[in-house]
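Survey of secondary and tertiary structure
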Amino acid sequence: MSGELRYVYAVTAPLAGPLPAELRGVGGAAPYTVEHAGLVAVTGVVPEADFAEEPLRAHLEDLRWLEETARAHQGVVAALTALTCPLPLRLATVYLDDDGVRRALEEGREEFAATLERLEGRVEWGVKVYARRRAPEPAAAGAAPSSGRDFLRRRKQEVTARENALEEAEELGRTLHAALAAQAEDVRVHPAQNPQLSQAPGQNLLNAAYLVPRERSEEFVERVEQLGGHDPAVRVELTGPWAPYSFASGQAGAEGNAEGRHDGAVG
């Protein structure tokens, strides 16, 4: 298996200029553009030995390979975000050749065009809210309990304090989300992160994405800092601006499956 396939990172409207000469994508290959039907597919050449259906299926079980590929994929999309509003495709969206890419643009041109129009001039900001772990009260950390009743009383106080702190953090998270949603054009609330997988300290109370006009991004960031940047009950994590990944779901640009979409004869 020694052939080459075409890896598509994103679909965009026609670009005003060339891609950055130094830009590199998956496998270190320089991306290039395939144009059709008034659309542009930002594409790279990848080896069939890695991206045909069977080897790709094996690679998807390799966390190191996935991380490297995802980082390269995101690097290309991030570079595009500085130039235009791209419609990112799913990781490992692969076609046989440039003609296969053109057929995909032709088949999806109405949905691609409608989604690009809807997202034009907009970026995605991610906000995560975590409950902070509070240190025990001095009384609870003092002398050993004098009796079993004293021990149970202290344990009840500790549990109540944790529950109250979590309720306070949850309320702050709801307040922050409502305020940010009012400033955004669209919102996606994702499932809370698994702390064992994310390794992030504290309980994840909010994991949301906000679609914001690019020119209002500074105002949005200031609002996040104003509402959540200094409260001791929560830790707020802001990321972005990103290409609008969360808001392309369900459109033609994001329908490839988790193993990558392959054109006819591949797989």
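Preceding this section is the structure that the text describes.
Residues numbered from 1 in each chain as written. Predicted model: local features only at pLDDT ≥ 70, side-chain atom pairs only at ≥ 80, totals over all residues. Heavy atoms only, no water.

1. Focus on helix α8 (residues 217-228)
Side chains of residues three or four places apart in an α-helix project in the same direction, reflecting 3.6 residues per turn. What counts here: Put simply, DSSP H or I for four residues or longer makes a helix, DSSP E for two residues or longer makes a strand, and each gets a number counted from the N terminus. The span one expects for a helix is its residue count, reduced by one, times 1.5 Å. Burial here depends on accessible area, computed with a 1.4 Å probe over protein chains only, as a share of the maximum for the residue type. Under 20% is buried, over 50% is exposed, and the range in between is partly exposed. The arc in question is the one spanned by the directions pointing from the helix axis to the C-beta atoms.
Between its terminal C-alpha atoms α8 stretches 16 Å, which fits the 16 Å expected from twelve residues at 1.5 Å a residue. The set of residues buried in α8 consists of Ser217, Phe220, Val221, Val224 and Gly228. Buried residues of α8 fall within an arc of 100° about the axis and therefore sit on the same side. Pointing more than 90 degrees away from the buried face of α8 are the exposed residues Glu218 and Gln226.

2. Quick notes on the pattern of salt bridges
Under the convention used in this document: Here, a salt bridge means any side-chain nitrogen of Lys or Arg that lies within 4 Å of a carboxyl oxygen of Asp or Glu.
As enumerated under the stated definition, the model contains nine salt bridges in all. A salt bridge links Arg174 to Glu171; the nearest nitrogen and oxygen atoms lie 2.9 Å apart. Here the residue Arg174 and the residue Glu171 both occupy positions in helix α6 (residues 148-183), the gap between them amounting to three residues, near one helical turn. With a relative accessible area of 49%, Arg174 lands in the partly exposed category.

3. What to know about the packing of aromatic side chains
Counted only if it meets this: Only Phe, Tyr and Trp rings are paired, with Trp represented by its six-membered ring, and only when their centres lie within 6.5 Å; those with planes under 30 degrees apart are stacked, over 60 edge-to-face, the remainder tilted.
Summed over all chains, the structure comprises five aromatic pairs. For the ring pair Phe51 and Trp65, a centre distance of 5.5 Å and an interplane angle of 50° mean the geometry is tilted. With Phe51 in helix α1 (residues 48-51) and Trp65 in helix α3 (residues 63-81), this pair connects stretches of sequence that are 14 residues apart. Comparing Phe51 with Trp65, the two get one shared label, buried. Between Tyr210 and Phe220 the ring centres are 5.5 Å apart and the planes differ by 50°, which places this aromatic pair in the tilted class.

4. Some words on the sheet that holds strand β9 (residues 234-242)
In plain terms, the rule: When DSSP finds two or more bridges between a pair of strands, those strands are recorded as paired. Axis definition: a line fit to C-alpha positions, over the contact stretch in the case of helices; interaxial angles, taken between N-to-C directions, run 0 to 180 degrees.
With respect to topology, four strands assemble into an open sheet ordered β7-β8-β6-β9, the strand pairing being antiparallel. One side of each edge strand has no neighbouring strand; the edge strands of this open sheet are β7 (186-189) and β9. Between one strand and the next, the sheet's axes are offset by a mean angle of 20°, whatever the strand orientation.

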